[in-house]
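# Close look at the chain arrangement
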Amino acid sequence: MNEEEIKKWMAENLVIKNEASKYTNQTDKAFTQSVQNGNIKPFFEQGSGRSMVRLFLIKDLEAYGAQVATRRERLNMPKNEENPR
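One numbering rule holds for all chains: residues counted from 1, following each sequence as written. The predicted nature of this model means local features are confined to residues of pLDDT at least 70 and side-chain atom pairs, given and counted, to a pLDDT of 80 or more, with totals for whole chains, interfaces and linings taken over all residues. Note that the side-chain values use all heavy atoms of the structure and ignore hydrogens as well as water.

## Quick word on the pattern of salt bridges
Cut-off, in case you're wondering: When a carboxyl oxygen of Asp or Glu is within 4 Å of a side-chain nitrogen of Lys or Arg, the pair counts as a salt bridge. Put simply, DSSP H or I for four residues or longer makes a helix, DSSP E for two residues or longer makes a strand, and each gets a number counted from the N terminus. Only protein chains enter the accessibility calculation, which uses a 1.4 Å probe; a residue whose area is less than 20% of its type maximum is buried, one above 50% is exposed, and one in between is partly exposed.
Following the criterion strictly, the structure yields three salt bridges and no others. Residues lysine 8 and glutamate 12 are paired through a salt bridge, measuring 3.3 Å at the closest nitrogen-oxygen approach. Of the two residues, lysine 8 and glutamate 12 both sit in helix α1 (residues 3-13), four residues apart, roughly one turn of that helix. Owing to a relative accessible area of 53%, lysine 8 belongs among the exposed residues under this scheme. The salt bridge involving glutamate 45 is made with arginine 54; its shortest N-O contact spans 2.5 Å. By relative accessible area, which is 43% here, glutamate 45 ends up partly exposed.

Rendered as C-alpha cells:
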C-alpha cells in the first residue's frame with residue numbers, strides 16, 4: 001500500500017473517540033467506561049495524558065454497539081437517544 005491508499009483506508013475504517021460513541025450508541029461517559037473496562041480496545045494508541053491519540057476500528061465499534069443493543073433489549077432498557085446514528 002502506498003501512502004495515499006493508507007490514508008484512504010484510515011479515513012474509511014478508523015474514527016476518533018468523539019465519533020466512536022455514535023457507532024455504539026452510547027453517551028461519551030458510557031463509551032469511556034467501556035474503553036476503561038477493556039470492552040472496547042483502540043486499534044491504535046499513541047501518547048499519554050491529554051495528548052493521547054486513540055483510533056478505533058468502525059467494524060469493532062459496530063459489533064460492540066450490536067452487543068449493547070441486545071443487552072438493552074434483554075434488560076428492557078430504553079435506547080440512548082443522545083447519539084442517534
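Don't stop here, the text continues.
## Regarding the environment of leucine 57
Among the secondary structure elements, leucine 57 is positioned in strand β3 (residues 53-57). By relative accessible area, which is 11% here, leucine 57 ends up buried. Remark: the alpha-carbon pair of leucine 57 and methionine 10, spanning 47 residues in sequence, is separated by 9.0 Å.

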